[in-house]
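Secondary and tertiary structure notes
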Amino acid sequence: VPVPEDASVGTVVAVLSVWDRDSGANGRVRCWVWPAWPFGVEATFSGSYSLVLREALDRERVSEYEVEVRAEDGGAPALGARLGLRVPVSDVNDN
């Protein structure tokens, strides 16, 4: 679903579930988005994360974002996974 270019900072763009079946440090998960602009990832509760808007959007500058959400466990060596997301930006000020 496109995100309107006038969406406010903090708008939730997607909700993700991330888990690791291990216990202890190996079961702890760290999640982030790359590239980190203009989105961020926030933990909402155990195993759930939200991709949120960190900066204002301008569809005339960028009409679509390709981001990658990355997750990594606390093991040594750490194991991880990646998920690519396409975030289209809808125009709100053109007739």
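One structure accompanies this document, and this report is about it. Bear in mind that the values here come from a model prediction, so they are computed numbers and not experimental data. Each chain carries its own residue numbering, running from 1 in the direction its sequence is written. Per-residue local features are limited, in this predicted model, to residues with pLDDT of at least 70; the limit for side-chain atom pairs, both in listing and counting, is 80 or more; totals at the level of whole chains, interfaces and linings are taken over all residues. To obtain the side-chain values, all non-hydrogen atoms of the structure were used and water was disregarded.

So, on to the pattern of salt bridges. Within this document, salt bridges are pairs made up of a side-chain nitrogen of Lys or Arg and a carboxyl oxygen of Asp or Glu, the two lying within 4 Å of each other. Tallying each qualifying case throughout the model produces 6 salt bridges. One salt bridge in this structure joins Arg82 and Glu68, with 3.7 Å as the shortest N-O distance. Within this pair, whereas Arg82 is found in strand E7 (residues 80–90), its partner Glu68 is found in strand E6 (residues 64–73), the two being separated by 14 residues in sequence. A simple rule labels every residue: compare its accessible area, found with a 1.4 Å probe on the protein chains alone, to the largest value its type can have, and call it buried under 20%, exposed over 50%, or partly exposed in between. Residue class for Arg82 comes out exposed when judged on its relative accessible area of 62%. Helix numbering and strand numbering both begin at the N terminus, where a helix is a DSSP run of H or I of at least 4 residues and a strand a DSSP run of E of at least 2.

Turning next to the packing of aromatic side chains. Between 30 and 60 degrees the pair is tilted, below 30 it is stacked and above 60 it is edge-to-face, where a pair is any two Phe, Tyr or Trp rings, Trp via its six-membered ring, whose centres lie within 6.5 Å. Applying the stated rule across the entire model yields 2 aromatic pairs. Consider the rings of Trp37 and Tyr65, whose centres lie 5.7 Å apart with planes at 70 degrees: the pair is edge-to-face. Taken as a pair, Trp37 in the loop between strand E3 (29–34) and strand E4 (39–45) and Tyr65 in strand E6 lie far apart in primary sequence, 28 residues in all. Judged by relative accessible area, which is 34%, Trp37 ranks as partly exposed. A relative accessible area of 6% places Tyr65 in the buried class. Following the ring pairs from residue to residue traces out a cluster consisting of Trp37, Phe39 and Tyr65. By the criterion adopted, a ring carries a charge over it if an Arg CZ or a Lys NZ lies within 6 Å of its centre and within 35 degrees of its normal. Directly above the ring of Trp32 sits Arg30, whose terminal nitrogen or CZ lies 4.1 Å from the centroid.

For a regular strand, the rule is simple: side chains alternate between the two faces of the sheet. Here the rule is simple: two strands pair whenever DSSP picks up at least two bridges between them. In the sheet, strand E1 (residues 3–4) pairs with E7 via 2 bridges, with the strands oriented parallel. Residue pairing across strands places Pro4 opposite Ser90, the latter belonging to E7. The turn linking E6 back onto E7 is made up of 6 residues.

On to the side chain of Asp73. Looking at where Asp73 falls in the secondary structure, it is placed in strand E6. For the purpose of charge, His is not counted, nor are the chain termini; Lys and Arg are scored as positive and Asp and Glu as negative. An unpaired buried charge is present at Asp73: no salt bridge exists, and Arg30, the closest side chain of opposite charge, is 9.3 Å distant. Nitrogen and oxygen atoms within 3.5 Å of one another constitute a polar contact, given that in protein one can donate a hydrogen and the other can accept it, and given that sequence-neighbouring residues count only through two side-chain atoms. At a separation of 3.1 Å, a polar atom in the side chain of Asp73 contacts the main-chain amide nitrogen of Gly75. A polar side-chain atom of Asp73 sits 2.9 Å from the main-chain amide nitrogen of Leu79. Contact definition: two residues touch when any of their heavy atoms are within 4.5 Å. If near-sequence neighbours (up to four positions away) are discounted, Asp73 is found in contact with Asp20, Asp22, Asn26, Arg28, Val29, Ala78 and Leu79.

The strand order across the open sheet formed by 3 strands is E2-E5-E4, and the pairing between neighbours is antiparallel. Each edge of the sheet is formed by a strand with only one pairing partner; in this case those strands are strand E2 (12–17) and E4. Within this sheet the neighbouring strands show an average axis-to-axis angle of 25 degrees, counted without direction. With 5 bridges connecting them, E2 and strand E5 (residues 48–53) associate as antiparallel partners. Bridge assignment links Val12 to a residue of E5, and that residue is Val52. A fitted line through C-alpha atoms serves as each axis, taken over the contacting stretch for helices, and the angle formed by two N-to-C directions is quoted from 0 to 180°.

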